[in-house]
Amino acid sequence: MKVFEKSPSFYEVFERKSGPAKEATHYCPGCGHGNIHKMIAEAMDDLEITERSVFVSPVGCSVFGYYYFDCGNFQAAHGRAPAVATAVKRSNPDAIVISYQGDGDLAAIGTAETIHAANRGENITVFFVNNAIYGMTGGQMAPTTMIGQRSTTTPLGRAEQIHGNPIRMAEMLATLPAPTYIERVAVGTSKQIMKTRKAIRKALKIQKEGKGYSFVEIVSTCPTGWKMDPVAARDWLVDDMLKVFPLGVFKDESDNVDEGTWDRSFEGFVPDKVNTYLDRMKSPFDVTEELDLVKDLNCKFAGFGGQGILTLGLFLSQIGMRAGHQVSWFPAYGPEMRGGTANCSVNISRDRIGSPLVDRPNMLVVMNQPSLDAFEKDVVDGGTIIVDSTIVEGKADAKRLNVVALPASDMADEVGTTKVANVVILGAVVAATDAYEPEFVESTLRAVIKKQSLIDMNMEAFRKGYDFVKNGN
Amino acid sequence: MAKQFMKGNDAIIVGALAAGCRAYYGYPITPASEIAHAAALHFPALGGVFIQAESEVSAINMVYGTAGMGIRTMTASSSPGFSLKQEGLSYAAGAELPCVVVNIVRGGPGLGNIAPEQGDYFQITKGGGHGNYRLIALAPNGAQEMCDLTRKAFDLADKYRNPACIMADGITGQMMEVVDIPVPEPIPFDHSSWAADGTAATRKNLVSSIVLEPEELEEHNLKLDAKYREIVENEVLYEEYRTDDADLVVVAYGVVSRIVYSTVDQARAEGLKVGLLRPITLWPYPEKALSALAERVPAFLAVELSTGQMVEDLRLAVNGKAPVHFYGRCGGMVPGGEELLTEYRKILEGGRS
Ligand SMILES: Cc1ncc(C[n+]2csc(CCOP(=O)(O)OP(=O)(O)O)c2C)c(N)n1
Ligand code: SF4
């Protein structure tokens, strides 16, 4: 087919096309695609948007849309044009983004992308060419294929009970709140073509004005796939297809939506701005000159969820960090956490840390009985085990291990809340290991604890635990 | 330098922001979801894009869109989601689009579980999608590297116009370590010759992976292949620990390399001369370094959280010059130090007798 009266948005000569005939489109005679392309190009001219337009070609007969449109072009994977278009528009809200798709592309493999781009109200325009068949791959059934219609995969005709019914995308999408404009048009008669021209223009204008998602379904011909000559194809479109795919406007909010409503903003990369932002993420204390450390800590902290086991690990880790030491913290995650048990591994060292998992701890804290049962045997000989004796009834092996039993939960209650039992334990850990000076720990906690009202209680809890180990009270 | 104690998964986003990544597209999946959580918080706050896509398929195609504009973009997922991205990655490689994809690998096949594994090595390094393409694949083993290698992945992706992948595991993603917060710098790449960003300047550009004529598609493939050779030549990264006099070189990456690292000194204390070579780039693989070591090292051992994937590359590198042993755990089981020491003893003492 030849395209006459070439518009400036259309290339004069289709240099990207392979083969010799670089002035004719690659479409079959009587195919609707060429005509529709032409109308889109004209609308781009009229609206003066060509220079900032991006045309996303799908997989299907219109995969070569980029042969023709003299604007930025993307070729997308089968069905994914709305996802590509979404990203292009979000990454440059000034661009005019067109997703051009066939029925297989839009209503079968790309159904999810189609619905969700519409549902997000992407400020893009989707042109949906419904020709009731898979053109490119050889005339197979499309989701829009008519009942009784023969295709290469429905040789006896499409049957409702075997293949389902033709899907009406315009009607379906019109049930969503976000889309601004949804219309079905056709290219069967010249009157229909005039309406199509108008609809295409309107859809792009809506996008240009930031009024949101626009969708134009164009009922079109595929003489080759239908195995008809172009005239018969046009008749079949008008007489048969439109019975199932009635023309009309299914949604139009364009007069009720303000210009710019659906414009989104995007800022490019400004290193200084990112720098300022990232700098705010830094820890609330400065790391000191590297302090001494009596010996490496390989800790396992275990108990019930809600006892602050993970936080205990985080506090100790941050103390280690502030002291300039190497630190790793690793929580049990996922199903391990079910049944209410929680544990974490903390390593602190002046040397590089190998495994973040602690399978042979030299410091074990247990805040419930199952944890004592599970982990005591893993502790290295001569290692320390700290037991919250308020909760844990069993006794650890004091011959093999340095056992510290303290009623941490009761001590926390005395401070004012059981919730600080983990900090009582922290005091015991620090005292039992002599890893850090208590004042250093306190000043770190002051920096780390966000709620000012909780600081005093935490200080008291820490001291209680620390003194218990140091002075036995 | 500003420091923070952070999760590996969060460090990925810090690295990405510092690299100038402006758009994140993702779909929730454990154990990678924290990456999306951090992105949802930070990208919009910095004027960038965050979209929770309708699927991993959509997410990777959104990445394709932004990448095709010459803007830095990424997605992250875990194994089942990474499987869904394969078609999109093949398109991105074919269209030569720079982008970064993170896979926090979990137990498979199928729905598997959410525990750490390395069973996606083949998919990542051998091209899980269709056609002749490669992913640049980096394997961090700690929070700092989650940040730094993500940043590096963006540079490599831009330099070679190819997708780059971060392959990590649930442990590296979930654990917290001290991270030096990086200082962002301007991006030294100009994409105006090929990117289509919806401006007059790039009006003539086309982002596409379709090449209809066989002669032209062969040419395109050869061009990609030449690029991949260049990457193999220039971008291999690895780390060695006590391999100099080793009787056994253990090869491990990601979290496993940390476990092995812990065992090297322990083994030496027993008189077992063990060393570690850790691939940091999985593709390109440190083939030359391993081949050189094989000239004098009597035995190799691959340790993986899989039933034996990377070991195949190790065998190719060693090329029969020394025995290559394998020890793997999978399904979320992680070898302990003692378990590995037993393995070393078996190999070395067996070897001597
Ligand atoms: C993932 C994938 N599956 C299948 C195909 C093969 N394929 C190419 S075009 C097409 C159908 C296109 O039909 P439609 O969207 O109706 O467009 P038309 O050709 O009719 O314009 C199919 C199935 C593909 N390219 N990619
Ligand atoms: S096969 Fe059908 S849709 Fe494709 S170009 Fe030919 S007529 Fe058009």
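Fair warning: this is a prediction, and the values are worked out from it, not measured in the lab.

Any chance you could explain the overall build of chain B here in plain terms?
Across its full length, chain B carries 13 helices and 15 strands. Dimensions of chain B, computed from C-alpha atoms along their principal axes, come out at roughly 75 × 50 × 40 Å. Sequence separation of at least 24 residues holds for 79% of the intrachain contacts in chain B that already meet a minimum separation of 6. For chain B, the centre of its 30 positive side-chain charges and the centre of its 43 negative side-chain charges are spaced 2 Å apart.

In this structure, what is going on with helix α4 (residues 111-119) of chain A? I would like to understand it.
In an α-helix, one turn spans 3.6 residues; hence positions three or four apart end up facing the same way. Residues T111, E113, T114, A117 and A118 of chain A constitute the buried set of α4 of chain A. Those residues of α4 of chain A that are buried are in contact with α2 (81-91), β3 (96-102), α3 (103-109) and α6 (169-173) of chain A together with α3 (56-67) of chain B. Among the residues trailing α4 of chain A, G121 of chain A stands out with phi positive, at a value near 65°.

Help me understand the domain arrangement of chain A, please; the structure alone is not making it clear to me.
How big an interface is tends to be expressed through the accessible area that disappears when the partners come together. Domain boundaries in chain A define domain 1 (14-280) and domain 2 (297-470). One C-alpha centre belongs to domain 1 of chain A, the other to domain 2 of chain A; they are set 61 Å apart.

Just to check I follow, could you spell out the site of ligand 2 for this structure?
In the region of ligand 2, the neighbouring residues are Y27, C28, C31, H33, C61, N131, G135, C222, P223 and T224 of chain A. Partitioning the shell around ligand 2 into residue classes produces 6 nonpolar, 4 polar and no charged.

Help me understand the interface of chain B and chain A in this model?
The interface of chain B with chain A comprises 79 residues on the first partner and 72 residues on the second. Between chain B and chain A lies a buried interface of about 6000 Å² when both sides are counted; carbon and sulfur atoms form 65% of it. In this structure, the connection of chain B to chain A is made through 5 salt bridges. The partner of D70 of chain A in a salt bridge is R203 of chain B, with the nearest N and O atoms 3.3 Å apart. The dominant element in the side of chain B that touches chain A, judged by the number of residues it contributes, is α3 of chain B, at 7 residues. Classifying every residue of the side of chain B that touches chain A gives 43 nonpolar, 23 polar and 13 charged.

Looking at this structure, how should I read the site of ligand 1?
As a structural note, the neighbourhood of ligand 1 is formed by 17 residues, with H33, C61, D103, D105 and G135 of chain A the closest of them. Among the chains of the assembly, those with residues near ligand 1 are chains A and B. A distance of 2.8 Å separates an oxygen atom of ligand 1 from a polar backbone atom of C61 of chain A. Here an oxygen atom of ligand 1 sits 2.9 Å away from a polar atom, N or O, in the main chain of G104 of chain A. Calculation on ligand 1 without its partners gives an accessible area of 590 Å², and the protein chains cover 77% of this total. Within the shell around ligand 1, the residues separate by chemical class into 6 nonpolar, 8 polar and 3 charged.

I tried to follow the nonpolar core on my own but got confused; where do I start?
Nonpolar side chains in soluble globular proteins generally cluster together in the buried interior. By size, the foremost hydrophobic cluster in this structure holds 136 residues, and its most contacted members are F74 and F215 of chain A together with M74 and F300 of chain B. The element contributing the most residues to this core is helix α7 (residues 143-160) of chain B, with 9 residues. For F74 of chain A, the contacting residues outside a window of four places in its chain are V54, F55, V56, S57, V84 and V88 of chain A together with Y64, G65, G68, M69, A196 and V207 of chain B. Within the second largest apolar cluster, 51 residues are counted, among which are C299, V423 and L445 of chain A together with F5 of chain B.

I would appreciate a short explanation of the packing of helix α15 (residues 438-448) of chain A against helix α16 (residues 452-471) of chain A in the present structure.
Helix packing for two helices is described by the angle between their axes and how far apart those axes are. Residue and element names in this part refer to chain A. Closest axis-to-axis distance for the α15/α16 pair is 10 Å, and the angle between their directions is 155°. Classified by the angle between their axes, α15 and α16 sit roughly antiparallel to one another. Remark: the crossing between α15 and α16 carries right-handed chirality. For the pair formed by α15 and α16, the contact residues are P438, E439, V441, E442, L445 and R446 on the first element and I455, M459, F462, R463 and Y466 on the second. In terms of residue class, the contact of α15 with α16 is made up of 7 nonpolar, no polar and 4 charged.

Would you mind showing me how to read the pattern of salt bridges here?
One side chain can pair with another of opposite charge once the charged atoms of both are near each other. Under the counting rule described, the total for this entry stands at 46 salt bridges over all chains. With a shortest N-O distance of 2.7 Å, D158 of chain B and R72 of chain B are connected by a salt bridge. Of this pair, D158 of chain B sits in helix α7 while R72 of chain B sits in the loop between α3 and β4 (73-77); the two residues are 86 residues apart in sequence, bridging distant segments of the chain. Several salt bridges share partner residues, and in doing so they unite R90, R120, E122 and R264 of chain A together with E54 of chain B into one network.

Any chance you could explain the packing of helix α1 (residues 8-19) of chain B against α7 of chain B here in plain terms?
Residues and elements named next belong to chain B. At a minimum axis separation of 7 Å, α1 and α7 run at an interaxial angle of 35°. Once α1 is placed against α7, the crossing between them reads as right-handed. When α1 is examined against α7, the residues G8, N9, A11, I12, V14, G15, A16, A18 and A19 are found in contact with a partner set consisting of A143, M146, C147, T150, R151 and F154. When the residues that make up the contact of α1 with α7 are grouped by side-chain class, the tally is 10 nonpolar, 4 polar and 1 charged.

I tried to follow the sheet that holds strand β8 (residues 297-304) of chain A on my own but got confused; where do I start?
Strand pairing within a sheet occurs via backbone hydrogen bonds; the two strands may be parallel or antiparallel. One open sheet accounts for 8 strands, arranged β13(A)-β12(A)-β11(A)-β8(A)-β10(A)-β9(A)-β8(B)-β1(B); its pairing is mixed. At either margin of the open sheet sits one strand with a lone partner, and together these are β13 (402-406) of chain A together with β1 (3-7) of chain B. Strand-to-strand twist in this sheet, taken as the mean axis angle between neighbours without regard to direction, amounts to 20°. Here strand β11 (residues 363-366) of chain A pairs with strand β12 (residues 384-388) of chain A via 4 bridges, running parallel. In the strand pairing of β12 of chain A, L364 of chain A is matched with I385 of chain A. On top of the sheet, helix α14 (residues 421-433) of chain A reaches β8, β11, β12 and β13 of chain A; it is set at about 155° to β12 of chain A, its chief contact.

Hey, could you run me through the domain arrangement of chain B in this one?
All names here are of chain B. Domain parsing of chain B yields domain 1 (3-234) and domain 2 (238-348). Inter-centroid distance (C-alpha atoms) of domain 1 to domain 2 is 28 Å. With 32 residues of domain 1 at the interface, the matching set in domain 2 holds 27 residues. In this assembly, domain 1 packs against domain 2 so that about 2400 Å² is buried in total across both faces, 55% of it on carbon and sulfur atoms. Of all residues in domain 1, Q118, Y121 and N141 bury the most surface against domain 2, accounting for 29% of the area lost on that side. Connecting domain 1 to domain 2 are 4 salt bridges. For the pair domain 1 and domain 2, the interface holds 19 residue pairs in polar contact (both at pLDDT 80 or more). Elements supplying a minimum of two residues to the side of domain 1 that touches domain 2: α6 (121-125), β6 (136-138), α7, β7 (163-169), α8 (170-174) and α9 (214-234). Considering each element in turn, the side of domain 1 that touches domain 2 owes the most residues, 4 residues, to α9. When grouped by side-chain class, the residues that make up the side of domain 1 that touches domain 2 number 17 nonpolar, 7 polar and 8 charged.

What should I look at first to understand the sheet that holds β6 of chain B in this one?
Residues and elements named next belong to chain B. One open sheet accounts for 7 strands, arranged β3-β2-β4-β5-β7-β6-β13; its pairing is mixed. Looking at the sheet topology across the chains shown, the edges are occupied by β3 (49-52) and β13 (281-283). Here the strands of the sheet are splayed against their neighbours by 20° on average, with no regard to which way each runs. Here strand β2 (residues 23-26) pairs with β3 via 4 bridges, running parallel. Its bridge partner lying in β3, Y24 is registered against F50. Of the strands in this sheet, β2, β3, β4 and β5 (99-105) are in contact with α3, which crosses β4 at around 165°.

About the thresholds
Residues numbered from 1 in each chain as written. Chains lettered and ligands numbered in written order. Predicted model: local features only at pLDDT ≥ 70, side-chain atom pairs only at ≥ 80, totals over all residues. Heavy atoms only, no water. Helix = DSSP H or I, 4+ residues; strand = E, 2+ residues; numbered from the N terminus. Contact = heavy atoms within 4.5 Å. Lys, Arg positive; Asp, Glu negative; His and termini not counted. Charge placed at Lys NZ, Arg CZ, Asp CG, Glu CD. Buried < 20%, exposed > 50% of the residue type's maximum accessible area, 1.4 Å probe, protein only. Domains from an automatic or database assignment. Near = heavy atom within 4 Å. Nonpolar A, V, L, I, M, F, W, Y, C, P; charged D, E, K, R; others polar. Buried area = accessible area lost by both parts, 1.4 Å probe. Salt bridge = Lys/Arg side-chain N within 4 Å of Asp/Glu carboxyl O. Polar contact = N/O pair within 3.5 Å; in protein donor to acceptor, adjacent residues only side chain to side chain. Areas by Shrake-Rupley, 256 points an atom, 1.4 Å probe, with all protein chains shown as cover. Core = buried A, V, L, I, M, F, W, Y, C linked by side-chain atoms within 4.5 Å. Axes fitted to C-alpha atoms, helices over the stretch in contact; angles between N-to-C directions. Parallel < 35°, antiparallel > 145°, perpendicular 65-115°, else oblique. Left-handed = near helix turned anticlockwise from the far one by under 90°. Pairing = 2+ DSSP bridges.

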